[in-house]
Amino acid sequence: MADLLVRIDGATDPVPLRDCFWVLATPDGCATVSLVGREAATAEAAHIQATPRVLERDRQTRDGWRVDLYSRDQWREHVRPCFAGTCQHRAEA
Ligand SMILES: [Zn+2]
């Protein structure tokens, strides 16, 4: 089966979706949920996976939570610190 290729903002070449990660982040950009790319084909589908309850999901969308796709390298740089507790997102709040 052919790999689904995606082009991520800021990247020049398309990468296989299976090598990417969907990330749900708070309005201030702090990652709270991370899914491997093959678990969802769209940001909306990834959001449903990350937040199954529709009322909670709608509230997140209203409040400015975001679902974005990250390459492995971007994930390492921008998302891992959130799960490691070393990011600056919440420290500033
Ligand atoms: Zn963070």
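What comes next is a walk through the structure.

Reading the values: rules and limits
- Residues numbered from 1 in each chain as written.
- Predicted model: local features only at pLDDT ≥ 70, side-chain atom pairs only at ≥ 80, totals over all residues.
- Buried ≥ 20, exposed ≤ 12 C-beta atoms within 10 Å, placed from the backbone.
- Helix = DSSP H or I, 4+ residues; strand = E, 2+ residues; numbered from the N terminus.
- Pairing = 2+ DSSP bridges.
- Axes fitted to C-alpha atoms, helices over the stretch in contact; angles between N-to-C directions.
- Contact = placed C-beta atoms within 7 Å.

Examining the pairing of strand β3 (residues 20-25)
Buried residues dominate β3, accounting for six of its six residues. Residues Cys20, Trp22 and Leu24 point to one face of β3 and Phe21, Val23 and Ala25 to the other, with burial holding for every one of them. Sheet analysis places β3 next to strand β5 (residues 66-71), joined by six bridges and oriented antiparallel. Its bridge partner lying in β5, leucine 24 is registered against valine 67. Here β3 pairs with strand β4 (residues 31-36) via five bridges, running antiparallel. Bridge assignment links tryptophan 22 to a residue of β4, and that residue is leucine 35. Hairpin connection between β3 and β4: a loop of five residues separates the two successive antiparallel strands, and glycine 29 in this loop has a positive phi of roughly 90°.

Looking at the sheet that holds β3
Spatial strand order, β4-β3-β5: three strands in an open sheet with antiparallel pairing. Strand pairing shows two members of the sheet lacking a second neighbour, β4 and β5, which therefore form its edges. Taken over all neighbouring pairs, the strand axes of this sheet differ in orientation by 25° on average, direction set aside. The sheet contacts of helix α1 (residues 43-50) involve β3, β4 and β5, and relative to β4 the element is tilted by about 110°.

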